[in-house]
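Analysis of the macromolecular model
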Amino acid sequence: MKIYFAGPLFSEAEREWIRSTIKEIESLAAQHGAKIEIIFPYDLITQSEIDQLGSNAKLEIFSRCNSHNDGADIMLALLDGSQVDDGTAWEIGYFFARKSSEQKIIGIRTDFRRVGESEGAVVNAMIECSCDRIVRSREELLERVFQFF
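Below: a short report on this structure.

So, how was this worked out
Residues numbered from 1 in each chain as written. Predicted model: local features only at pLDDT ≥ 70, side-chain atom pairs only at ≥ 80, totals over all residues. Heavy atoms only, no water. Buried < 20%, exposed > 50% of the residue type's maximum accessible area, 1.4 Å probe, protein only. Helix = DSSP H or I, 4+ residues; strand = E, 2+ residues; numbered from the N terminus. Pairing = 2+ DSSP bridges. Right-handed = clockwise from strand over helix to strand, strands pointing away. Axes fitted to C-alpha atoms, helices over the stretch in contact; angles between N-to-C directions. Contact = heavy atoms within 4.5 Å. 1 Å grid on protein atoms, 1.4 Å probe; cavity = no way out; pocket = protein on both sides within 12 Å on 5 of 7 lines; lining within 4 Å. Points joined across faces, edges and corners; volume = space filled by probe spheres on them.

What about the pairing of strand β3 (residues 74-78)?
Within β3, 5 of the 5 residues are buried, which leaves the element mostly enclosed by the surrounding structure. Residues of β3 alternate between two faces, with Ile74, Leu76 and Leu78 on one and Met75 and Ala77 on the opposite face, all of them buried. The pairing of strand β1 (residues 2-6) with β3 spans 4 bridges and is classified as parallel. Each bridged residue has a counterpart across the sheet, and for Phe5 the counterpart in β3 is Leu76. In terms of strand pairing, β3 meets strand β4 (residues 104-108) through 5 bridges, oriented parallel.

Here we look at the pairing of β1
By the criterion of burial, β1 is predominantly enclosed, with 5 of the 5 residues buried. Residues Lys2, Tyr4 and Ala6 line one face of β1 and the alternating positions Ile3 and Phe5 line the opposite face, and both faces are buried. As judged from the 3 bridges shared by β1 and strand β2 (residues 37-39), these two strands associate in the parallel manner. Each bridged residue has a counterpart across the sheet, and for Tyr4 the counterpart in β2 is Ile39. Taken together, β1, helix α1 (residues 12-31) and β2 form a β-α-β motif whose crossover is right-handed.

Looking at the sheet that holds β2
With respect to topology, 5 strands assemble into an open sheet ordered β2-β1-β3-β4-β5, the strand pairing being parallel. Whereas interior strands pair on both sides, the edge strands pair on one side only; in this sheet they are β2 and β5 (133-135). Averaged over all pairs of adjacent strands, the angle between strand axes in this sheet comes to 20 degrees, irrespective of strand direction. Sheet contacts for α1: β1, β2, β3 and β4; angle to β1, the most-contacted strand, approximately 160 degrees.

Looking at the layout of surface pockets
As a volume, the largest pocket reaches approximately 530 Å³. Elements with a contribution of two residues or more to the lining of the largest pocket: α2 (47-53), α3 (57-70) and α4 (86-98). Sort the elements by how many residues they give to the lining of the largest pocket and α3 lands first, with 6 residues.

Geometric values such as these leave the question of function open.
Put into structure tokens, the structure is as follows:
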């Protein structure tokens, strides 16, 4: 099973939260004998490569992320913030447009701020309706991912 973990990657706190969640998912998979591969887009290209590529770096980042997004069985998407990160929103939309009924998008929003357009909304309607499920804690995320093992 291949999992693509989308989310904002711009602060140390965001990256650390995603990395620690990935470790918990990997541990859970190992406990159940499940083979998984978790793709974290931040790890797909190094800063050295970005520097060497110069203005072509954006094309390489786009290509690497898309190639892994295309092959994923599950997309996990961190939806925290005053609005969903624009790159994460794009990745969700791209995955949603191409996914089969077996592929799933699980959003996670631990942020308590209300950001949707309507009463009871969790996030922007386009994002919320693209997700098969939106969970509100890391523990709930682990429970949902466990269902796929």
